[in-house]
Amino acid sequence: MLAGTTEARQLAEAIATTRSSPPIVVTVSFAGRTSKTTPMAGEIRVGGFGGIDGLVAFLRDQRIDAVLDATHPFAAIMPFHAAAACESTNTPLLRLLRPAWDMTQRDRWVRVASLQLAARALRTLGSKHVLLASGRQELAPFAALDDVEFTVRSIEPPDVSGFTHAEVVLERGPFTVESEITLLQRRSIDTIVTKDSGGSATIEKLEAARRLGITVVIVDRPPSPDVATVSTVDEALTWVLEHAGPFEHGVAMPDAPG
Ligand code: NAP
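Residues numbered from 1 in each chain as written. Predicted model: local features only at pLDDT ≥ 70, side-chain atom pairs only at ≥ 80, totals over all residues. Heavy atoms only, no water.

Just checking my understanding: could you explain the nonpolar core for this structure?
Generally speaking, a soluble globular protein has its nonpolar side chains buried in company with each other. The biggest cluster of nonpolar side chains holds 26 residues, and the ones touching the most others in it are Met1, Leu11, Ile15, Leu68 and Leu96. Counting residues per element, the ones that place at least two in this core are helix 1 (6–16), strand 1 (27–30), strand 4 (93–96) and helix 8 (233–243). With six residues, helix 8 is the single largest residue contributor to this core. Beyond its immediate sequence surroundings of up to four residues, Met1 is in contact with Ala8, Leu11, Ala12, Ile15, Val26, Thr27, Val28, Ser29, Leu68 and Ala70. Core analysis: the second largest hydrophobic core is formed by 21 residues, Val112, Ala143, Val148 and Val152 among them. (Core = buried A, V, L, I, M, F, W, Y, C linked by side-chain atoms within 4.5 Å. Buried < 20%, exposed > 50% of the residue type's maximum accessible area, 1.4 Å probe, protein only. Helix = DSSP H or I, 4+ residues; strand = E, 2+ residues; numbered from the N terminus. Contact = heavy atoms within 4.5 Å.)

Okay, structure coming up:
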């Protein structure tokens, strides 16, 4: 399992608690971007594979039966590497990808294709007090906006040395709508920048923005490879049980003759 999401953790848990004989062994792979990993079921490995060739070698060496790509919707490279490596080793592959967010009539959203275009949108909008909730690793496009007061929220400390005005708020979700409203009001936020991560884990800021009439600049997802894809942990679990060995819904199946 290629991890890095809440769904990956939930799926690893679900597999671990599914009774199957012999048990399904899940290797959970992290890129290693964050210094702490939350405890989770499965055998953990950390670090890149070394491109497609490295992943092909890994799949062969570890005799992997099936690959579950549960990387983040904004992981732009790994899903393509997984698709290529699985194709060349003939390994079944499923992507677990949570649905994108949908705009309602009460939203003021500006959709853009990249963080660079998000920074440009802030200029066009004339934003003055901006909550950057788009991840700590890609802040560079915003540093040049020296007349904007930024509030940079992230789980681990971001590098804001290039910014003229930036307050860092270190917080890990889940958040509540009320706590999001408090933050937005305390910092007089007029615009939020976020990636279209989808799912429910960080959706409260969108509801808070809706209630306060705040503009949200939403960065669209990068392209995804054309592979079998599901959107829920339950669907992924069903697939794993079908593909990760001679199982059928938790019951070991007899070997096929020959
Ligand atoms: P990426 O651009 O798609 O991947 C870059 C490289 O990182 C890959 O080529 C691979 O290195 C390595 N890598 C990525 N995911 C890996 C995994 N699960 N296990 C082992 N190696 C992995 O991905 P990213 O955007 O840097 O994200 C890295 C990780 O953070 C992913 O696991 C993702 O799920 C998680 N994450 C990303 C975001 C985001 O906004 N991008 C947000 C939350 C969580 P090699 O080529 O050497 O194999």
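Explanation requested: the side chain of Arg153 in the structure shown.
By secondary structure assignment, the location of Arg153 is in strand 7 (residues 149–154). In this structure the side chain of Arg153 is engaged in a polar contact, spanning 3.4 Å, whose partner is the side chain of Glu171. A distance of 2.7 Å separates a polar atom in the side chain of Arg153 from a polar atom in the side chain of Glu180. With near-sequence residues (within four places) excluded, Arg153 lies in contact with Leu131, Leu132, Ala133, Val169, Glu171, Phe175, Glu180, Leu183 and Lys205. (Polar contact = N/O pair within 3.5 Å; in protein donor to acceptor, adjacent residues only side chain to side chain.)

Please explain the environment of Ala70 as it appears in this structure.
Tracing the chain through its elements places Ala70 in the loop between strand 3 (67–69) and helix 3 (78–89). Of the residues examined, Ala70 reaches a relative accessible area of 0% and is grouped as buried. Separated by 53 residues in the primary sequence, Ala70 and Thr17 place their C-alpha atoms 18 Å from one another. Once you skip the residues sitting within four places of it in the chain, Ala70 turns out to touch Met1, Leu2, Ala3, Gly4, Thr5, Ala8 and Leu96.

Quick question: what am I supposed to make of the site of the ligand here?
Close contacts around the ligand come from 22 residues, with Ala3, Ser29, Phe49, Met78 and Lys195 the closest. Arg33 places a side-chain nitrogen or oxygen 2.9 Å from an oxygen atom of the ligand. In this structure, an oxygen atom belonging to the ligand sits 3.5 Å away from a side-chain N or O atom of His81. Coverage of the ligand by the protein chains reaches 78% of its 800 Å² of free accessible surface. Counting residues per element, the ones that place at least two in the shell around the ligand are strand 1 and helix 3. (Near = heavy atom within 4 Å. Areas by Shrake-Rupley, 256 points an atom, 1.4 Å probe, with all protein chains shown as cover.)

Could you clarify how one ought to interpret the packing of helix 2 (residues 51–61) against helix 3 in this entry?
Geometrically, a packed helix pair is captured by the angle between its two axes and the distance between the axes. As a packed pair, helix 2 and helix 3 sit with axes 9 Å apart at the nearest point and diverge in direction by 50 degrees. By the angle class used here, helix 2 and helix 3 are oblique. Our pair here, helix 2 against helix 3, has a crossing hand that is right-handed. Contact with helix 2, carried on its side by Gly51, Ile52, Leu55, Val56, Leu59 and Arg60, involves Met78, His81, Ala82, Ala84, Ala85, Cys86, Ser88 and Thr89 of helix 3 and no other residues of that element. For the contact of helix 2 with helix 3, the class distribution of residues is nine nonpolar, four polar and one charged. (Axes fitted to C-alpha atoms, helices over the stretch in contact; angles between N-to-C directions. Parallel < 35°, antiparallel > 145°, perpendicular 65-115°, else oblique. Left-handed = near helix turned anticlockwise from the far one by under 90°. Nonpolar A, V, L, I, M, F, W, Y, C, P; charged D, E, K, R; others polar.)

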